[in-house]
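Coordinate analysis (summary)
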Amino acid sequence: FVPHLPEGVSAEDVYTFYLANGVTTLLDLSGFPEGFKWRKQVDRGKVVAPDVHMASPIIDEAAYGSSLAAVEADIRRFAADGYEYVKSHNVTTPAFFDHVHAIAAEVGLPVINHALRPGFPIQETLAREPAMLAHIDTAAGRPGSALRLLDSAFALARYDTPVSEMYLLLGR
């Protein structure tokens, strides 16, 4: 996971830190815009780096309103730009959720969903077979969160899904 970084941080600074701590693979979940520039530095041998995978800038339903055409255009652009995943966050309506998954599948990009979508059982999210569920920890501290987290754990067990503290990888 590549965190949000302050301006002025170089690829060499970030990658050296990860490599020095034994990290050999990174997943950028925020569509970090410098990622492609950094990748070129690595490809040219100017910077040594872990294996870096990049998710798209975040698809947030509120930013698109009801425009399925706009989200479709962005997902197609993300695929053309070279992103490896679509990151979906704050998607609350089934139609938008299904559209994101359908277009991503059409262009060959797996979807990374936020684990807890307001008003949606986690089983409904898992039924779409996302590549990853991010931020299962966001349930902590909310009213009823222990029950939702327990329900989520049982749902994940039924899907034979490994669970980590911060992210849930679905092995796709």
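Scroll up for the structure.
As the structure is a prediction and not an experimental result, all values here were calculated from the model.

Counting 25 residues, the largest nonpolar core has Tyr15, Ile59, Val71, Ile75, Val86, Phe96 and Val100 as the members making the most contacts within it. Those elements giving two or more residues to this core turn out to be helix 1 (11-20), strand 2 (51-54), helix 4 (68-81) and helix 5 (94-107). Broken down by element, this core gets its largest block of residues, five residues, from helix 5. Apart from residues no more than four positions distant in its own chain, Tyr15 is found in contact with Leu26, Trp38, Val42, Val47, Val48, Ala49, Pro50 and Val52. Of all hydrophobic cores here, the second largest spans six residues; its members include Leu27, Leu29, Met132 and Ala134.

Moving on to the packing of aromatic side chains. Following the criterion strictly, the structure yields five aromatic pairs and no others. Taking 5.4 Å as the distance between ring centres and 80 degrees as the angle between the ring planes, the aromatic pair formed by Tyr15 and Trp38 counts as edge-to-face. Taken together, the residues Tyr15 in helix 1 and Trp38 in helix 2 (residues 35-43) connect sequence positions 23 residues apart. On the basis of relative accessibility, which here comes to 4%, the residue Tyr15 falls in the buried class. Residue classification places Trp38 among the buried residues on the basis of a relative accessible area of 5%. Between Tyr64 and Phe96, the aromatic rings sit 6.0 Å apart at their centres with planes inclined by 40 degrees, giving tilted as the arrangement. Taken as a pair, Tyr64 in helix 3 (residues 61-64) and Phe96 in helix 5 lie far apart in primary sequence, 32 residues in all. Using a relative accessible area of 15% as the deciding quantity, one classes Tyr64 as buried. Take Phe96: its relative accessible area is 2%, and that puts it in the buried class. An aromatic cluster of three or more residues is present, and its members are Phe36, Phe78 and Tyr83.

Summed over all chains, the structure comprises five salt bridges. Taking the shortest distance from any N to any O, the salt bridge between Arg76 and Glu72 comes out at 3.2 Å. Linking Arg76 with Glu72, this pair stays in helix 4, spanning four residues, or about one helical turn. Residue Arg76 is classed as partly exposed on the basis of its relative accessible area, which comes to 32%. Judged by its relative accessible area of 23%, Glu72 is partly exposed. Two residues, Asp74 and Arg77, come together in a salt bridge whose shortest N-O distance is 3.1 Å. Placement of the pair is Asp74 and Arg77 together in helix 4, with a separation of three residues, close to one helical turn. Each of the salt bridges in this network shares a partner with another, and the network as a whole consists of Glu72, Arg76 and Glu106.

Turning to the pairing of strand 4 (residues 86-89), a few remarks are in order. Burial of the side chains of strand 4 extends over both faces: Val86 and Ser88 are buried on one face and Lys87 and His89 on the other. Pairing of strand 3 (residues 59-60) with strand 4 involves two bridges; the strand directions are parallel. Across the sheet, the residue bridging to Asp60 is His89, located in strand 4. With helix 5 bridging strand 4 and its parallel neighbour strand 5 (residues 111-114), the resulting β-α-β unit is right-handed.

Here is what the cut-offs are and how they apply
- Residues numbered from 1 in each chain as written.
- Predicted model: local features only at pLDDT ≥ 70, side-chain atom pairs only at ≥ 80, totals over all residues.
- Heavy atoms only, no water.
- Core = buried A, V, L, I, M, F, W, Y, C linked by side-chain atoms within 4.5 Å.
- Buried < 20%, exposed > 50% of the residue type's maximum accessible area, 1.4 Å probe, protein only.
- Helix = DSSP H or I, 4+ residues; strand = E, 2+ residues; numbered from the N terminus.
- Contact = heavy atoms within 4.5 Å.
- Phe/Tyr/Trp six-rings, centres within 6.5 Å; stacked < 30°, edge-to-face > 60°.
- Salt bridge = Lys/Arg side-chain N within 4 Å of Asp/Glu carboxyl O.
- Pairing = 2+ DSSP bridges.
- Right-handed = clockwise from strand over helix to strand, strands pointing away.

Interpretation in functional terms is not warranted from these geometric data alone.
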